[in-house]
Amino acid sequence: MFSPFPIEEAEGLCRKVLAALNQNLLDVKLYKNRNLIEEDNDRFNQGFMVGLLLCKKEESTVALVTFSGTRYFLADEDVKSLGEDFIFVPPIVEPEKIDEALKKNDFEIHALTKKINEEKDAGKKTDLKKRRAFLTDESLRRVFDLYSFFCIDRRKKTLMEICRKVGLKKLPPAGTGDCCAPKLLNYAFVHSLFPVSMCELFYAPLCKEETSKVFSPCDSRCALLLPTMLGLEILYRDDSIIVVNKQSGLLSVPGRGPEKQDCISSRIRRLIPSCIEQPAVHRLDMETSGLMVFALTKEAHRALRIQFEEATVFKQYVALLDGALPAKGIKGEGQMELYFRLDVENRPHQIWDSVYGKKAVTCWKILNVEDWTCPDSSKRVVTRVLFTPLTGRTHQLRLASADSHGFASPILGDTLYGNCPPSPNSATRLLLHSCRLEFNHPVSGERMQFENSPPF
């Protein structure tokens, strides 16, 4: 995943830590209050990640340091030798608690492994492996139940709560929560520190290279946690712009009333205080998910707004429409021109008006006709459509789908223009996702291209 914070400031300090490790100026210790001993050397020499998060609190600066995993740490006196403002961040869960959680099944798992290696009968070996997998998952669940994380809004969320929120239907990867980034951010949010720069470097004792490659947070574990911890899934960020994958159910910009102030724009300003007050240059409906670009400076905002106004920004969406479009005689691809205006007596609905309506031009391509499994496990036929809007009208794609002048087949989950009963066939959200976004960088002029697969 893309690093959510600038790297440069933290990289210099992280390389300072790496240099001290390579010169044996820091005494890396094992948890359980004992120094590294001979039998741990092989594992230690394989290396681990060193992470550094530079934070600010009022006028002071704090450098948070940690190691990946739950085995190694630096004593306070060693950390202070790097500088008074360095703090070593421990694991989210104490190693002793993890050992205790694993203890119940540990003996039987090892015994099963021995039997599996000795067993000649393929059927019996398969049964033994199934039993071992069951016990291993049970142990992992017990460990994962120990993990919780403070988020940028100072709310605490458990690991399994985060997994459910992102739709993970299986156990997270082993070691989730033990990478550098979530440990550093958790500590920062607990202590009301504001992150400004983050860097991760790989340290291998047998490889004394101080030019270690800079790593971003990992795609398997960190990408599961960081969007919830930060309130944003960041796909790209520099000094001028930020590109995010907006989740369904969150406003793009603030609405009216205090209950509608939480939105992508406000979360960006909370994460990046130097951001301009109004960073949004376009919007997605609250229930639509997918790619959005925001400006961090006035100059970038002006340049991006011009691109949207001149229609030089390229956008594509994927949607699931109720029913089979080919059965209605609708061609596999084409272009439609529709005319809509605001229904002033039923805001925010748009209605067909061939006289006073604004023209909405949309290209479409049918990708597939498929069976969709609803939340209650029932099935229904849907059409997967790729939309390319050539104009940017309000609810343009929802109307192109649902209105009788368009396909007369609403997008699944559309509560405004569709038939969306609570059961048995309703979707849990509007199944519309911004999957492709292209624009010229407001400073360099480089053509930026982003793609993001729909979560459905």
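Once a new chain begins, its residue numbering starts again from 1 and follows that chain's sequence as written. Totals for whole chains, interfaces and linings use every residue, but because this is a predicted model, local features are given only for residues with pLDDT of at least 70 and side-chain atom pairs only at 80 or more, for both listing and counting. Hydrogen atoms and water are omitted, and side-chain values are computed over all heavy atoms in the structure.

As for the overall build of the protein chain
1) Next: Secondary structure follows DSSP: runs of H or I at least 4 residues long count as helices, runs of E at least 2 residues long count as strands, and numbering of each begins at the N terminus. Counting its regular elements, the protein chain contains 11 helices and 20 strands.
2) Next: Going through the 456 residues of the protein chain one by one, you find that 49% of them count as buried.
3) Next: Long-range contacts, defined here as pairs at least 24 residues apart, represent 66% of the contacts in the protein chain between residues at least 6 apart.
4) Next: Per-residue and other accessible areas follow the Shrake-Rupley method at a 1.4 Å probe size, with only the shown protein chains counted as cover for residues. Carbon and sulfur atoms make up 50% of the accessible area of the protein chain, which totals about 23,200 Å². Any residue under 20% of the maximum accessible area for its type is buried, any over 50% is exposed, and the rest in between are partly exposed; the area is computed with a 1.4 Å probe on protein chains only. In what follows, residue pairs with any heavy atoms lying within 4.5 Å of each other are defined as contacts.

Some details on the packing of aromatic side chains
1) Next: Note on aromatic contacts: the rings of Phe and Tyr and the six-membered ring of Trp form a pair at centre separations within 6.5 Å, being stacked when their planes are under 30 degrees apart, edge-to-face when over 60 apart, and tilted otherwise. Here the structure, examined in full by the defined rule, presents 16 aromatic pairs.
2) Next: Where F44 meets Y72, the ring centres are 5.3 Å apart and the plane angle is 80°; that geometry is what we call edge-to-face. Of this pair, F44 sits in helix 2 (residues 41-45) while Y72 is found in strand 5 (residues 72-74), placing the two residues 28 residues apart along the sequence. The burial state of F44 is the same as that of Y72; both residues are buried.
3) Next: With 6.0 Å between their ring centres and 20° between their planes, F439 and F450 make a pair best called stacked. Of this pair, F439 sits in strand 19 (residues 432-440) while F450 sits in strand 20 (residues 447-451); the two residues are 11 residues apart in sequence, bridging distant segments of the chain.
4) Next: Among the residues examined, F439 registers a relative accessible area of 0% and is labelled buried.
5) Next: Among the aromatic residues, ring-to-ring pairing joins F44, F48, F67, Y72, F88 and Y203 into one connected group.
6) Next: Across the ring face of F215, the terminal group of K213 is positioned such that the distance to the ring centre comes to 5.5 Å. We count a charge as sitting over a ring when the NZ of a lysine or the CZ of an arginine lies within 6 Å of the ring centre and within 35 degrees of the ring normal.

A short note on the sheet that holds strand 4 (residues 60-67)
1) Next: Spatial ordering of the open sheet is given by 6-4-3-9-10, a layout of five strands whose pairing is mixed. Each end of this open sheet is capped by a strand with a single partner; those strands are strand 6 (86-88) and strand 10 (214-215).
2) Next: Here, strands pair whenever DSSP counts at least two bridges between them. Judged from the nine bridges that link them, strand 3 (residues 48-57) and strand 9 (residues 194-203) form a sheet pairing that is antiparallel. In the strand pairing of strand 9, F48 is matched with Y203.

Let's talk about helix 7 (residues 180-190)
1) Next: Counting buried residues in helix 7 gives 10 out of 11 residues, a clear majority hidden from the surface.
2) Next: Against the buried residues of helix 7 lie strand 3, strand 4, strand 6, strand 7 (148-150), strand 9 and helix 8 (222-230).

Describing the confidence of the model for the protein chain
1) Next: A residue's pLDDT is the predictor's confidence in that residue, given on a scale from 0 to 100. Predicted confidence across the protein chain gives a mean pLDDT of 92, with 95% of residues reaching 70 or more.
2) Next: Predicted confidence is poor over residues 33-38, with pLDDT under 50, and the contacts of this stretch with residues over four places away or in other chains come to nine contacts.

Focus on unusual backbone geometry
1) Next: Here the bond from R347 into P348 is cis, since omega is 5°, no more than 30 degrees from zero.
2) Next: Positionally, P348 belongs in the loop between strand 15 (333-342) and strand 16 (350-352).
3) Next: One non-glycine residue with positive phi stands out, namely E58, at about 60°.

Some details on the packing of helix 4 (residues 95-118) against helix 5 (residues 122-144)
1) Next: Between N-to-C directions, angles cover 0 to 180 degrees, with each direction set by a line fitted to C-alpha atoms, over the stretch in contact for helices. Direction vectors running N to C along helix 4 and helix 5 enclose 170°, while the axes themselves pass 9 Å from each other. One finds that helix 4 runs roughly antiparallel with respect to helix 5. Residue-level inspection shows I98, A101, L102, K104, N105, E108, I109, L112, T113, K115 and I116 of helix 4 in contact with helix 5, the latter providing K125, L128, K129, R131, R132, L135, T136, E138, S139, R142 and V143.
2) Next: Considered class by class, the residues forming the contact of helix 4 with helix 5 number nine nonpolar, four polar and nine charged. Roughly parallel covers angles under 35 degrees, roughly antiparallel covers those over 145, roughly perpendicular covers 65 to 115, and oblique covers all other angles. In this classification, the charged set is Asp, Glu, Lys and Arg, the nonpolar set is Ala, Val, Leu, Ile, Met, Phe, Trp, Tyr, Cys and Pro, and all remaining amino acids, among them Gly, are polar.

Let's talk about the pairing of strand 3
1) Next: Within strand 3, eight of the 10 residues are buried, leaving the element largely enclosed by the surrounding structure.
2) Next: In terms of strand pairing, strand 3 meets strand 4 through eight bridges, oriented antiparallel. By the bridge assignment for strand 4, L54 is matched with A63.

A short note on the pattern of salt bridges
1) Next: Within this document, salt bridges are pairs made up of a side-chain nitrogen of Lys or Arg and a carboxyl oxygen of Asp or Glu, the two lying within 4 Å of each other. Counted according to the given criterion, the structure contains 14 salt bridges.
2) Next: Across the pair K103 and E100 runs a salt bridge whose closest N-O atoms are separated by 3.2 Å. With K103 and E100 both in helix 4, this residue pair falls three residues apart, about one helical turn.
3) Next: Looking at K103, the relative accessible area reads 52%, which means it is exposed.
4) Next: A salt bridge links E438 to R436; its shortest N-O distance comes to 2.5 Å. R436 shares its class with E438; the two are buried.
5) Next: Three or more residues are tied together by salt bridges with common partners; here these are R436, E438, R447 and E451.

Side note on the packing of helix 7 against helix 8
1) Next: Put simply, helix 7 and helix 8 touch, their axes get as near as 10 Å, and they point 20° apart. In terms of their interaxial angle, helix 7 and helix 8 are classed as roughly parallel. Between helix 7 and helix 8 lies a crossing whose hand is left-handed. Contact residues: helix 7 offers A181, P182, L185, N186 and F189, while helix 8 offers C222, L225, L226, M229 and L230.
2) Next: Of the residues contributing to the contact of helix 7 with helix 8, the split by class is nine nonpolar, one polar and no charged. Each crossing gets its handedness from the near helix: less than a right angle anticlockwise from the far helix is left-handed, clockwise is right-handed.

Examining the environment of L184
1) Next: Here L184 shows up in helix 7.
2) Next: Aside from chain neighbours lying at most four places away, what touches L184 is G51, L52, L53, L64, V65, T66, V89 and M198.

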